[in-house]
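Fold and geometry: a report
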Amino acid sequence: MPDQSAGASIEALEEILGADGVLTDAVDTAPFLTDHRRLYHGQALAVALPRSVEQISRLLAYCNERHVGVVPQGGNTGYCGGATPDESGREIVVSLQRLNHIRSVDSLNYSLVAEAGCILADVQRAADDAERFFPLSLGSEGTCQIGGNLSTNAGGTSVLRYGMMRDLVLGLEVVLADGRILSSLSALRKDNTGYDIKSLFLGAEGTLGVITAASIKLFPKVRSSATAFAAVSDVRAAIDLLARLREASGDRVSSFELIPRIGIDLTTRHIPGVTDPLGRPYSWYVLCELTSSRAADPLDDVIEEALASALEDGLVLDAALARSERERDALWKLRETIPEAQRLDGANLKHDISIAVSALPGFVERASRWVHENVLDGRLVAYGHVGDGNLHFNLNQAPGSDRNTFLAREAPLKRAIHDLVREFGGSFSAEHGIGRLKVGELERYASPVELDLMRAVKRAFDPNGVLNPGKVLSSAALRAGLTGSAEPACAVQRSP
Ligand code: FAD
Ligand code: 2HG
Ligand code: ZN
């Protein structure tokens, strides 16, 4: 019987992973111990770099016996500190970076099996090489890994057409807390054989198992596209335009992103090469893209006609069409670099919220007014995947304001914004997850029944609490056997 208080030993880890599979040197481990936003700085006994599923299985069995916390890490681009270990120095970070092979591509089944450590852009390329298309697309796609995408249920810019990561999965291979391997790399689109166990690992942020591979859906290759940048007077006009474009294009809108004027101001100021696509400033813009698998689809004509009629009706104020791949890239660069421009501009607070698309205009009006009246040292930077009802309702410190004073107000600002989101029947975490950052928010906004079920699932999958402790669900609440939430959840939600 192992001594549980003894923790893990480096010798034992090296025996499982080989000497080159265990990092302990401070310089080597440093990049694994903080998140990309530098919100959290953890410590770890070691960083493990397994090369095989079997190594992960042995590692987890060992850690489970000794009650040692294991923190899975992909590309470390997550927004909620989910991949950062705690400060105890007793946990082990398990990086998936060496499990990075595409195991197989089945073109006729429109599916592919990728190991969890594959970079998202490499998965997209593998699909492309097979004359197929993998639609998940994020600003971090050159760094994030498919295992991280699965574990956060990532969204991005093509959810409107293809769904979130959850919708793109056929099967999974997962190492469980006790080291057993759940091998369920199904290639089936139909399979009603009892509970859908795999779905529990999607969005679980490493708290229920370590995903080692996934069977994912592919689609016909995109062979034509049309990309437009249109100025609109307000969010309602943007939503009306989306509905029109969906109708006019035969539902071929794959992206529909909202950009506020301040998004153009920030990116043109901070990101080299970004320019304002239109001649004069407007309050709001949308970046929209139609795509088709047919090379000869006249999508430019479709979008041009739809925008012209929207212009005539006053829905659109001005518009520019990308006439080349270079112009398309420039429009996407403008959109994708807003987070970086926000960072370069100073302190910022992020709210990854979603509301029913139809209710978004009302929410933005109320919430913007609230920010305007109550956050005098901040500026609203609200942008994002408006076609999915998902806004990054972010705040940046205003020029000349004090960084620390601004950041010190994070808790009450977050509370006010998330309470308003709840009033509109929305979610405080649309696509970035819970991690460490939003454990308190989940306790506040989930219903007692939901929390009970989540804790029951966690206890069933991870009775010793070794998988990513303290992420998603509080370890203290799990240990105390708490049921329900500390605060009453909102039972009745007002429709706006
Ligand atoms: P990590 O950050 O390493 O980990 C995230 C979580 O998953 C952690 O809890 C970790 O423990 C767990 N995990 C990682 N791998 C595994 C595994 N194999 N098994 C079990 N658990 C695991 N997100 C969006 O949804 N939409 C966007 O549009 C978007 N845009 C972004 C743009 C930029 C510039 C950046 C920096 C980030 C963006 N993100 C976006 C956030 C982030 O890229 C995603 O959440 C992504 O899915 C995280 O993948 P990762 O490999 O970096 O995971
Ligand atoms: C995006 O859509 C990302 O660009 C990041 O999800 C959002 O930084 C953010 O708030
Ligand atoms: Zn996003």
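Structure first, text after, so check above.
Summarised in this report is the structure supplied together with it. Small disclaimer: the values here were computed from a predicted structure and weren't measured.

1. Focus: the overall build of the chain
Assigned secondary structure in the chain consists of 18 helices and 19 strands. For 496 residues, the compact-globule estimate of 2.2 N^0.38 gives 23 Å, and the chain sits close to it at 23 Å. Expressed as lengths along the three principal axes of its C-alpha atoms, the size of the chain is roughly 75 × 55 × 45 Å. Per-residue burial for the chain yields a buried fraction of 53% across its 496 residues. A fraction of 74% describes how many contacts in the chain between residues 6 or more apart in sequence connect residues 24 or more apart.

2. Things to note about the site of ligand 2
In the vicinity of ligand 2, the contacting residues are Y79, R335, P339, K350, Y383, H385, H392, N394, E431 and H432. Residue R335 places a side-chain N or O atom 2.7 Å away from an oxygen atom belonging to ligand 2. Here an oxygen atom of ligand 2 and a side-chain polar atom of H392 are 3.0 Å apart. When ligand 2 sits alone it has 290 Å² of accessible area, and the protein chains cover 89% of it. Per-class residue counts for the shell around ligand 2 are three nonpolar, four polar and three charged.

3. Side note on the coordination of the zinc ion (ligand 3)
The coordination sphere of the zinc ion (ligand 3), as far as protein atoms go, consists of H385 (NE2), H392 (NE2) and E431 (OE), spread over 1.9 to 2.1 Å. Mapped onto the sequence, the donors of the zinc ion (ligand 3) take the spacing H-x6-H-x38-E.

4. Quick look at the nonpolar core
Nonpolar side chains in soluble globular proteins generally cluster together in the buried interior. Judged by nonpolar contacts, the single largest core of 51 residues is most densely connected at L241, F256, I303, F363, F393 and L395. Ranked by residue count, the leading element in this core is helix α8 (residues 235–248), at seven residues. With residues up to four places along the chain from it excluded, the contact list for F256 reads L160, A238, L241, L242, L245, V286, L287, C288, G384, H385, V386 and G387. Formed by 30 residues, the second largest nonpolar core is a distinct cluster that contains L112, L138, I146 and L176.

5. Concerning the sheet that holds strand β13 (residues 253–260)
Overall, antiparallel pairing links the four strands, which are arranged β13-β14-β12-β15 in an open sheet. Where the open sheet ends on each side, the last strands, each with one partner, are β13 and β15 (316–321). Averaged over all pairs of adjacent strands, the angle between their axes in this sheet comes to 20°, without regard to strand direction. Bridging between β13 and strand β14 (residues 284–292) involves seven bridges; their strand directions are antiparallel. The residue bridging P260 from the neighbouring strand is W284, located in β14. Here α8 sits on the sheet and contacts β12 (224–232), β13, β14 and β15; the angle it forms with β13, its principal contact strand, is near 165°.

6. Brief notes about the site of ligand 1
By nearness alone, 35 residues border ligand 1, and P72, G74, T77, G78 and S140 come closest of all. Contact between ligand 1 and T77: an oxygen atom at 2.6 Å from a side-chain N or O atom of the residue. For ligand 1, the accessible surface in isolation is 970 Å², of which the surrounding protein chains cover 93%. Those elements that provide at least two residues to the shell around ligand 1 are β3 (70–73), α5 (146–152) and β10 (210–217). Looking at the shell around ligand 1 element by element, the count peaks at five residues for α5. Taken together, the residues of the shell around ligand 1 break down into 10 nonpolar, 23 polar and two charged.

Conventions and cut-offs
- Residues numbered from 1 in each chain as written.
- Chains lettered and ligands numbered in written order.
- Predicted model: local features only at pLDDT ≥ 70, side-chain atom pairs only at ≥ 80, totals over all residues.
- Heavy atoms only, no water.
- Helix = DSSP H or I, 4+ residues; strand = E, 2+ residues; numbered from the N terminus.
- Rg over C-alpha atoms; globule rule 2.2 N^0.38 Å.
- Buried < 20%, exposed > 50% of the residue type's maximum accessible area, 1.4 Å probe, protein only.
- Contact = heavy atoms within 4.5 Å.
- Near = heavy atom within 4 Å.
- Polar contact = N/O pair within 3.5 Å; in protein donor to acceptor, adjacent residues only side chain to side chain.
- Areas by Shrake-Rupley, 256 points an atom, 1.4 Å probe, with all protein chains shown as cover.
- Nonpolar A, V, L, I, M, F, W, Y, C, P; charged D, E, K, R; others polar.
- Donors = N, O, S within 2.8 Å, 3.2 Å for Na, K, Ca; no water.
- Core = buried A, V, L, I, M, F, W, Y, C linked by side-chain atoms within 4.5 Å.
- Pairing = 2+ DSSP bridges.
- Axes fitted to C-alpha atoms, helices over the stretch in contact; angles between N-to-C directions.

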